[in-house]
Amino acid sequence: MAVLPYKDKDTSKREQVAEMFDSISPKYDLLNHVLSGGIDILWRKRAIRELRKAATTPPKRILDIATGTGDFALEALALKPDTIVGMDISEGMLSVGREKMKQRGVDQIIDMRSGDSEGLPLPDNDFDAVIVAFGVRNFENLQKGLTDMCRVTRPGGTCVVLEFSNPRQFPFKQFYGFYSRTILPLVGRMVSKDASAYTYLPESVQAFPDGPDFLRIYEAAGFTNTKWIPLTFGVASIYIGHKP
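The structure presented is a predicted model; accordingly, all values stated were derived computationally and were not measured.

Quick notes on the rules
Residue positions are counted from 1 within each chain, in the order its sequence is given. Restriction of local features to residues with pLDDT of at least 70 applies here, the model being predicted, together with a cutoff of 80 or more for giving and counting side-chain atom pairs; totals for whole chains, interfaces and linings are based on all residues. To obtain the side-chain values, all non-hydrogen atoms of the structure were included, while hydrogens and water were left out. By definition, any uninterrupted DSSP run of H or I lasting at least four residues is a helix, any uninterrupted run of E lasting at least two residues is a strand, and each is numbered from the N terminus. For this measure, only C-alpha atoms enter the radius of gyration; the expected value for a globule follows 2.2 Å times N^0.38, where N is the number of residues. Here's how the labels work: a residue is buried when its accessible area is under 20% of the maximum for its type, exposed when over 50%, partly exposed in between, all with a 1.4 Å probe on protein chains only. In this description, contact between two residues means that some pair of their heavy atoms is separated by no more than 4.5 Å. Here, Shrake-Rupley sampling with a 1.4 Å probe gives the accessible areas, and only protein chains in the shown set may cover a residue. His residues and chain termini do not enter the charge count, which takes Lys and Arg as positive and Asp and Glu as negative. Charged groups are reduced to one reference atom each: NZ for lysine, CZ for arginine, CG for aspartic acid, CD for glutamic acid. Definition used for salt bridges: Asp or Glu carboxyl oxygen within 4 Å of a side-chain nitrogen of Lys or Arg.

1. A word on the overall build of the protein chain
- The secondary structure content of the protein chain amounts to nine helices and seven strands.
- Rg of the C-alpha trace for the protein chain: 17 Å, near the compact-globule value of 18 Å for 244 residues, within the 12% margin.
- For the protein chain, the spread of C-alpha atoms along the three principal axes comes to 45 × 40 × 35 Å.
- Evaluated residue by residue, the protein chain yields a buried proportion of 55% over its 244 residues.
- Considering only intrachain contacts with a sequence separation of at least 6, the fraction spanning at least 24 residues in the protein chain is 71%.
- For the protein chain, the computed accessible surface area is about 11000 Å², with 56% contributed by carbon and sulfur atoms.
- Taken as two groups, the 31 positive and 30 negative side-chain charges of the protein chain have centres that lie 6 Å from each other.

2. A look at the pattern of salt bridges
- Applying the stated criterion to the full structure yields 18 salt bridges.
- In this structure, glutamate 50 and arginine 46 form a salt bridge, with 2.8 Å as the shortest nitrogen-oxygen distance. In this pair, glutamate 50 and arginine 46 are both assigned in helix α3 (residues 39-54), four residues apart and thus about one turn of the helix distant.
- A residue is classified by how much of its surface remains accessible, and glutamate 50, at 5% relative accessible area, is buried.
- The partly exposed category is assigned to arginine 46, whose relative accessible area is 27%.
- With a shortest N-O distance of 3.1 Å, aspartate 210 and arginine 168 are connected by a salt bridge.

Bear in mind that shape data such as this cannot, by itself, settle questions of function.
Written as structure tokens, this is what we have:
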């Protein structure tokens with residue numbers, strides 16, 4: 001059974017995820033940095049460095065899936081692309097992101113658009129690189145979403161996924177389990193006022209097929225030469241794939 005943000009509602013996961021992110025969008029950036037101790041910023045920077053190394057040519061057109069408020073898209077500016085399209089289903093998150101792009105003077109490069117990650121309103125073979133940070137875990141159908149990401153990547157292009165994962169080693173596994181089940185929901189509830197959002201987070205991470213399990217789905221979606229890079233004792237992971 002799919003992990004849902006609002007267990008008392010009979011709407012789809014897609015609808016619930018959009019509702020959840022609309023709800024927490026004003027506090028999302030603050031909570032991200034506080035709850036991770038700021039290390040989420042370093043994870044994004046590392047993911048972009050890995051993309052730079054993995055790409056056969058510097059990517060000029062980049063698609064940032066589940067862009068949220070656009071933090072990963074902003075990091076991707078380090079690659080000096082011509083265009084970055086940031087796509088998300090939450091209008092609340094996009095609204096915050098568009099304002100952020102205007103304030104930083106990059107709204108002519110980063111185009112924040114509404115769109116469903118599992119049915120991208122984009123042509124085939126359109127992007128040199130497709131990136132996503134902490135978004136694939138929220139897909140209603142993971143393989144469908146990854147397959148569509150492969151569809152819009154040009155042949156020879158690169159896909160980089162940054163996602164939470166489950167630490168496997170003692171004692172960090174036990175410490176992280178306690179933190180994610182107890183501290184994270186408490187702080188999230190106090191700041192965002194949405195009790196379900198930060199209970200959903202650890203539940204969705206626990207249920208997510210990470211590591212080698214993710215690579216199998218990644219490859220079934222069409223990506224080749226895949227690679228898994230665990231970060232911070234396995235709290236997060238980078239997954240790299242190429243479109244043949």
